[in-house]
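# Understanding the architecture of this molecule
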Amino acid sequence: MSDLPPKPPARPERVSLLRYVRLFRQDILSAQPAKLYRAWMAEFRTPFFHSYMINQPELVKTVLVERPDDFPKSDRVREGLEPLLGNSVFVTNGEVWKRQRRIIDPAFEGGRLREVFPAMWDATQAAIARLSARAGHAPIEIEAETSHAAADVIFRTLFSIPIEHEVAAAVFDEFRAYQRTQPLVNLAAFLPLPRWLPRPHRRSTRASAEVIRGLIARLTEDRQAEIAAGTAPDDLATKIMTTTDPLTGERFEAAEMVDQVAIFFLAGHETSASALAWALYLLARYPEAQERVATEAVTAIDLEREDFSAISKLSFTRDVFREALRLYPPVPMMVRQATQEECFRDRVVRKASQIVISPWHLHRQPRLWDNPDGFDPDRWKTANGKQCQREAFIPFSAGARVCTGAGFAMIEGVLLLAMLVRTFRISPVEGREPVPVAHLTVRAKDGIWLRLEPRQPPDSLR
Ligand code: HEM
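Residues numbered from 1 in each chain as written. Predicted model: local features only at pLDDT ≥ 70, side-chain atom pairs only at ≥ 80, totals over all residues. Heavy atoms only, no water.

What the protein chain contains, in helices and strands, is 16 helices and 11 strands. For the protein chain, the residues scored as buried account for 59% of the 462 residues in total. Long-range contacts, defined as pairs at least 24 residues apart, comprise 74% of the intrachain contacts of the protein chain with a sequence gap of at least 6. Total accessible area computed for the protein chain in this model is approximately 19300 Å², and 52% of it derives from carbon and sulfur atoms. (Helix = DSSP H or I, 4+ residues; strand = E, 2+ residues; numbered from the N terminus. Buried < 20%, exposed > 50% of the residue type's maximum accessible area, 1.4 Å probe, protein only. Contact = heavy atoms within 4.5 Å. Areas by Shrake-Rupley, 256 points an atom, 1.4 Å probe, with all protein chains shown as cover.)

The structure is reproduced here in structure tokens:
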């Protein structure tokens, strides 16, 4: 095992167009040549599409932060996700999107995060109980477990129900079926491949999306009734459904709320699950860092009470989680569309070109980061790490369209990571080094396998 954590193999520099398209559809990460990491900008020109990847902080800032209205999400993104997400905030643009953010954003402000903390705590305890039953036995495929835990967090914080609730469990199960029907739940589906290639919406995908949306509609309709009766719990769903847009005075209609819940479920559990699974793998691989997290968790967290302020004391754990988000950004690439001709690095970018922003490449840009492919959670305290965190670290995107759940995810991820490592000693399984691939999020090709042993107390406190 090399000292560097796994990175997918790059493709040979020269390949035929057909091979490139094929590789691309299998996995975007290994379809790229190694030299792309060093590039500030790259052009992909084929007979069918014309896109540019930008991998320079100034350009990324122009597109995401300074002029987001000139670079909306491309229609392809909407097409790819429409069956499940309808008109959700993730895919809309312009005035519709702005109105949706005005209603959603207040639910994720700092104060509200403190209020949802007990629900995250309960989900963490439930994850520990599930894993305790299996620890000390056969290796565990941890992505399935982190998905379960992250879905539990979403249902508890949004609707005050655990994942065992009949409807929550049905959504979770159906979502797995949805992914199975979608071999193209792969970012390739969202990039501008030619129209004649098969589009991702098979009949089974649509049917599965409809089942999920029907289940979510039951939850939102019940909640609307509880709000009307004055019996609704004070959770994220109630907050979002009772918030009026300060400009128009409107609230979400029931159907629109289904779209939003679908994206909270999808964006909120797939991503967090991916980040947590990679963070656990990294700690299994680097046991010294694991001991530091375990010790910090024992010192910072009082098991007797759900103490929100403990999160601010988990600074090394946060640095590890950040390092996992850097090395394995759950959303590896984002696509925007140029609405007018642009000039980037003295090159003309034609109107309607696709602009690809790749956290995956930016986070490993060797001209910016010291030791770009290495695992070094202490980097965030160095001058280089601090500068790169400001300029070249975008796991949650940046600017107006930044992830609404970023603050939420940084609390959930750090809490789960600290508590799991405090409870279990984690080690890798020989011969099963995970290979990162880009599905909807960055996952491992054949799962992430770990051994868990109950630990108590951590080595350094003995
Ligand atoms: C580690 C966890 C997470 C990561 C890495 C992550 C990453 C991202 C990224 C990169 C985007 C921008 C995508 C693009 O512009 O194409 C995004 C958008 C979004 N995320 Fe997250 N996310 C995470 C967790 C969450 C959670 C927990 C929620 C909600 C509970 C959430 C809700 C959303 C929503 C609603 C958007 C769309 C925002 C918009 O377009 O205005 N995310 N996320």
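Turning our attention to the coordination of the iron atom of the ligand. Octahedral metal centres with six donors ideally show angles of 90 or 180 degrees, and tetrahedral centres with four donors ideally show 109.5 degrees. Among protein residues, the single donor to the iron atom of the ligand is Cys-403 (SG), with a metal-donor distance of 2.3 Å. Relative to the helices and strands, Cys-403 resides in the loop between helix H15 (383-391) and helix H16 (406-423). (Donors = N, O, S within 2.8 Å, 3.2 Å for Na, K, Ca; no water.)

By the secondary structure assignment, Glu-270 is in helix H10 (residues 254-285). Residue Glu-270 is classed as buried on the basis of its relative accessible area of 5%. A polar contact of 3.4 Å, which involves the side chain of Glu-270, links it to the side chain of Thr-441. When sequence neighbours within four positions are dropped, the list of residues in contact with Glu-270 reads Phe-175, Gln-179, Phe-265, Leu-440, Thr-441 and Arg-443. (Polar contact = N/O pair within 3.5 Å; in protein donor to acceptor, adjacent residues only side chain to side chain.)

Turning our attention to the sheet that holds strand S1 (residues 41-45). Taken in spatial order, the four strands make up an open sheet running S1-S2-S7-S4, and their pairing is mixed. Of all strands in the sheet, those with a lone pairing partner are S1 and strand S4 (334-337), marking the two edges. On average, adjacent strands in this sheet sit at an angle of 25° to one another, irrespective of strand direction. Sheet topology places S4 next to strand S7 (residues 354-357); four bridges connect them, and they run antiparallel. Residue pairing across strands places Gln-337 opposite Gln-354, the latter belonging to S7. Across the face of the sheet, helix H2 (residues 57-66) comes into contact with S1, strand S2 (50-54), S4 and S7 while running at roughly 115° to S7. (Pairing = 2+ DSSP bridges. Axes fitted to C-alpha atoms, helices over the stretch in contact; angles between N-to-C directions.)

Inspection of the region around the ligand gives 26 residues, with Trp-97, Arg-101, Arg-336, Arg-401 and Cys-403 positioned closest. Here an oxygen atom of the ligand sits 3.2 Å away from a polar atom, N or O, in the side chain of Lys-73. One of the backbone N or O atoms of Val-89 is found 3.4 Å from an oxygen atom in the ligand. Breaking the shell around the ligand down by element, the ones donating at least two residues are helix H4 (94-104), H10, S4 and H16. Residues of the shell around the ligand, tallied by class, amount to 16 nonpolar, six polar and four charged. (Near = heavy atom within 4 Å. Nonpolar A, V, L, I, M, F, W, Y, C, P; charged D, E, K, R; others polar.)

Within the open sheet, the three strands sit side by side as S3-S11-S8. Their pairing is antiparallel. The open sheet has two free edges, formed respectively by strand S3 (140-141) and strand S8 (424-428), since each of these has just one partner strand. Bridging between S8 and strand S11 (residues 449-454) involves five bridges; their strand directions are antiparallel. Paired with Arg-425 across the two strands is Glu-453, which belongs to S11. Sitting on the sheet, H10 touches S8 and S11, and the angle it makes with S8 is about 80°.

Pairs of packed helices are described in terms of their axes, by the angle between the two and the distance that separates them. Contact geometry of helix H8 (residues 203-229) with H10 gives a least axis separation of 9 Å together with a crossing angle of 120°. Taken together, the axes of H8 and H10 lie oblique to each other. Note that H8 runs across H10; the crossing there is right-handed. Where H8 abuts H10, its residues Arg-213, Ile-216, Ala-217, Thr-220 and Gln-224 lie against Ala-254, Ala-255, Met-257, Val-258, Asp-259, Val-261 and Ala-262. Class assignment of the residues belonging to the contact of H8 with H10 gives a composition of eight nonpolar, two polar and two charged. (Parallel < 35°, antiparallel > 145°, perpendicular 65-115°, else oblique. Left-handed = near helix turned anticlockwise from the far one by under 90°.)

We now examine the packing of helix H6 (residues 142-159) against H10. With their axes 8 Å apart at the nearest point, H6 and H10 run at an angle of 140° to one another. Judged by the inter-axis angle, H6 sits oblique to H10. As H6 packs across H10, the resulting crossing turns out to be right-handed. Of H10, the residues touching H6 (which contributes Ile-142, Glu-143, Thr-146, Ser-147, Ala-150, Ala-151, Ile-154, Phe-155, Leu-158 and Phe-159) are Val-261, Phe-264, Phe-265, Gly-268, His-269, Ser-272, Ala-273, Leu-276, Ala-277 and Leu-280. Taken together, the residues of the contact of H6 with H10 break down into 14 nonpolar, five polar and one charged.

For the rest of this paragraph, the subject is the pattern of salt bridges. This model, assessed by the stated rule, comprises 31 salt bridges. A salt bridge links Asp-69 to Lys-98; the nearest nitrogen and oxygen atoms lie 3.2 Å apart. On the criterion of sequence distance, the pair formed by Asp-69 in the loop between H2 and helix H3 (75-85) and Lys-98 in helix H4 is long-range, its members being 29 residues apart. One network of salt bridges, in which partners are shared, links Lys-7, Arg-364 and Asp-373. (Salt bridge = Lys/Arg side-chain N within 4 Å of Asp/Glu carboxyl O.)

Inspection of every chain in the model, using the stated rule, returns 13 aromatic pairs. Ring geometry for Trp-278 and Tyr-328: centres 4.0 Å apart, planes at 15°, overall stacked. With Trp-278 in helix H10 and Tyr-328 in the loop between helix H13 (315-327) and S4, the pair connects residues that are 50 residues apart, well separated along the chain. Like Trp-278, the residue Tyr-328 is buried in the burial classification. Measuring from centroid to centroid gives 5.8 Å for Trp-369 and Trp-380, while their planes differ by 80°, and the two rings are edge-to-face. Residue Trp-369 is found in the loop between helix H14 (359-362) and H15, and its partner Trp-380 is found in the loop between H14 and H15; the two are separated by 11 residues along the sequence. Accessibility expressed as a relative area gives 4% for Trp-380, which makes it buried. Three or more aromatic residues joined by ring pairs form one cluster here, namely Trp-278, Tyr-281, Tyr-328 and Trp-360. The side chain of Lys-73 reaches across the aromatic face of Phe-90, ending 3.6 Å from its centre. The ring of Trp-369 is capped by Arg-326, whose NZ or CZ atom sits 5.2 Å from the centre of that ring. (Phe/Tyr/Trp six-rings, centres within 6.5 Å; stacked < 30°, edge-to-face > 60°. Lys NZ or Arg CZ within 6 Å of the ring centre and 35° of its normal.)

It is worth spelling out H15 at this point. Listed in full, the buried residues belonging to H15 are Asn-384, Gly-385 and Cys-388. The arc enclosing the buried residues of H15, seen along the axis, measures out at 95°, which places them on a common side. Opposite the buried face of H15, at more than 90 degrees from it, the exposed residues are Ala-383 and Arg-390. (Arc of directions from axis to C-beta.)

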